[in-house]
Amino acid sequence: MPELPEVETVARALDARLKGRRVEGVECRFPGVYEAGSGVRPRWPLGILGARRRAKLVLLELDGGLVLVTHLRMTGALKIESVEAVLEPHTHVCIRLDGDEELRFVDPRRFGRVRLESPATLAQSSFFTSLGPEPLELDEEGLASRIGVSRASIKAALLDQRRIAGIGNIYADEILYAAGIHPRQPADTVRPGEWKSLLESVRRILNSAIERGGSTIRDYRSPEGAGSYQDQHQVFGRTDEPCPACGKRIRKIRVAGRGTHFCPGCQPQRRRRRRSAPSSRSSR
DNA sequence: TCTAACCTGATC
DNA sequence: GATCAGGTTAGA
């Protein structure tokens, strides 16, 4: 569910509300959802230095270099509640805070994970290995060199967290619509002149989604409430509605195994150019 | 590089 | 009852 803008919103809210407070312990209510990295033995309580985002991960930074790392996956949510508050269903981890509050990890589908890592275990954590750079920190050359070498579809390349990390299904569709590129177009056939507008689309869409607190289309909530970027979606979730720009019907197809929305008028399909020479090629 | 699998719940 | 969902990954 949550992609870069939603995770950024959650991290900012946690930073504002938890910085300077303490974690007094962690209770795991469903086996495996929470684990400490091997050899990590926290001595609670630990002060909270702050919260931030990396890719789609929420990092809660504690004293001594320890970090509580949360991946929300599809349906995970972090909520600050009074310890007296009734536990809502699917509450799998309770992170006890000072002041009779706790940070609760709720996740109906149970795909999400919470991990406690030390400086020694953080780098090897499976969360972090082979995570690509932040899309908002890339320049045109960086984007082209990471994405433009893939022989997969441009959508698959944008979703590949090893290439760049943080874009998910909603924002991939919105970005490609804004850039006028068909989601099935092979990434290595994007023309040199198109990287500029693709990068502008990446920045504009992710930044305005962050400004609006992300997209709330089913159950996503930051600790401060729902986002509103869903109102700005041009194609995602608008199957059969007219394109705001050209009036053609938005279509939904399957690309990279994901439901994919696009405008056939604004994002015309372009065939892969026939290879002129059987030269060697590499991917990644 | 694609599919199935991991899960539950909402909607068709 | 079948299908789909904002993510990732192991396996073919």
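**Examining the sheet that holds strand 3 (residues 46–54)**
Then comes step 1: Read from one edge of the open sheet, 9 strands run 2-9-5-4-3-1-7-8-6, paired in mixed fashion. This sheet does not close on itself; its edge strands, each paired only once, are strand 2 (34–36) and strand 6 (77–82). For this sheet, the mean inter-axis angle between neighbouring strands, taken without regard to orientation, is 25°.
Then comes step 2: Sheet analysis places strand 3 next to strand 4 (residues 57–62), joined by 6 bridges and oriented antiparallel. Considered in strand 4, the bridge of arginine 53 is made with valine 58.

**Here we look at the environment of glutamate 101**
Then comes step 1: Relative to the assigned elements, glutamate 101 resides in strand 8 (residues 101–106).
Then comes step 2: Judged by its relative accessible area of 21%, glutamate 101 falls in the partly exposed class.
Then comes step 3: Spatially, the C-alpha atoms of glutamate 101 and cysteine 263 are 47 Å apart, while their sequence positions differ by 162 residues.
Then comes step 4: Discounting residues that sit within four places of it in the chain, glutamate 101 has contacts with Arg21, Ile80, Glu81, Ser82, Val83, Ile95 and Arg96.

**A look at the protein's contact with DNA strand B**
Then comes step 1: Taken together, His90, Pro108, Arg109, Arg110, Phe111, Arg151 and Ala152 are the residues near DNA strand B.
Then comes step 2: The sugar-phosphate portion of DNA strand B accounts for 50% of its atoms within 4 Å of the protein, the bases making up the rest.
Then comes step 3: The backbone of proline 108 places a nitrogen or oxygen atom 3.4 Å from a sugar or linking oxygen of DNA strand B.
Then comes step 4: A distance of 2.9 Å is found between a phosphate oxygen of DNA strand B and a backbone nitrogen or oxygen belonging to alanine 152.

**Focus: the packing of helix 5 (residues 169–179) against helix 6 (residues 194–211)**
Then comes step 1: Across the interface, helix 5 lies against helix 6 with an axial gap of 9 Å and an inter-helix angle of 130°. Here helix 6 runs oblique to helix 5, going by the angle between their axes. Once helix 5 is placed against helix 6, the crossing between them reads as right-handed. Mapping the contact onto sequence places Tyr171, Glu174, Ile175, Leu176, Ala178 and Ala179 in helix 5 and Ser197, Leu198, Ser201, Val202, Arg204, Ile205, Leu206 and Ala209 in helix 6.
Then comes step 2: Looking at the contact of helix 5 with helix 6, its residues break down into 10 nonpolar, 2 polar and 2 charged.

**Quick look at unusual backbone geometry**
Then comes step 1: Cis peptide bonds are those with omega within 30 degrees of zero, and the linkage from tryptophan 44 to proline 45 qualifies with 0°.
Then comes step 2: Secondary-structure assignment places proline 45 in the loop between strand 2 and strand 3.
Then comes step 3: Positive phi outside glycine occurs at alanine 55, with the angle close to 55°.
Then comes step 4: Residue arginine 73 is not a glycine yet carries a positive backbone phi of 50°.
Then comes step 5: Looking at the element boundaries, arginine 73 is found in the loop between strand 5 (67–71) and strand 6.
Then comes step 6: With relative accessibility at 43%, the residue arginine 73 sits in the partly exposed group.

**Some words on the domain arrangement of chain A**
Then comes step 1: You can read the domains of chain A as domain 1 (4–121) and domain 2 (135–262).
Then comes step 2: Its C-alpha centre places domain 1 at a distance of 28 Å from the equivalent point of domain 2.
Then comes step 3: Summed over both sides, the interface of domain 1 with domain 2 buries roughly 1,500 Å², with 66% coming from carbon and sulfur.
Then comes step 4: Of all residues in domain 1, Leu4, Pro5 and Glu6 bury the most surface against domain 2, accounting for 36% of the area lost on that side.

**A closer look at helix 3 (residues 140–147)**
Then comes step 1: Along helix 3, the positions that sit buried rather than exposed are Gly142, Leu143, Ala144 and Ile147.
Then comes step 2: Where helix 3 is buried, its residues contact helix 4 (154–159) and helix 6.

**Examining empty space enclosed by the protein**
Then comes step 1: Under the defined criterion, the tally for this structure stands at 1 cavity of 30 Å³ or more.
Then comes step 2: Put simply, the largest cavity is a space of about 40 Å³.
Then comes step 3: The set of elements that each furnish at least two residues to the lining of the largest cavity consists of strand 4 and strand 5.
Then comes step 4: Class assignment for the residues of the lining of the largest cavity results in 7 nonpolar, 1 polar and no charged.

Criteria and thresholds
Residues numbered from 1 in each chain as written. Chains lettered and ligands numbered in written order. Predicted model: local features only at pLDDT ≥ 70, side-chain atom pairs only at ≥ 80, totals over all residues. Heavy atoms only, no water. Pairing = 2+ DSSP bridges. Helix = DSSP H or I, 4+ residues; strand = E, 2+ residues; numbered from the N terminus. Axes fitted to C-alpha atoms, helices over the stretch in contact; angles between N-to-C directions. Buried < 20%, exposed > 50% of the residue type's maximum accessible area, 1.4 Å probe, protein only. Contact = heavy atoms within 4.5 Å. Near = heavy atom within 4 Å. Polar contact = N/O pair within 3.5 Å; in protein donor to acceptor, adjacent residues only side chain to side chain. Parallel < 35°, antiparallel > 145°, perpendicular 65-115°, else oblique. Left-handed = near helix turned anticlockwise from the far one by under 90°. Nonpolar A, V, L, I, M, F, W, Y, C, P; charged D, E, K, R; others polar. Domains from an automatic or database assignment. Buried area = accessible area lost by both parts, 1.4 Å probe. 1 Å grid on protein atoms, 1.4 Å probe; cavity = no way out; pocket = protein on both sides within 12 Å on 5 of 7 lines; lining within 4 Å. Points joined across faces, edges and corners; volume = space filled by probe spheres on them.

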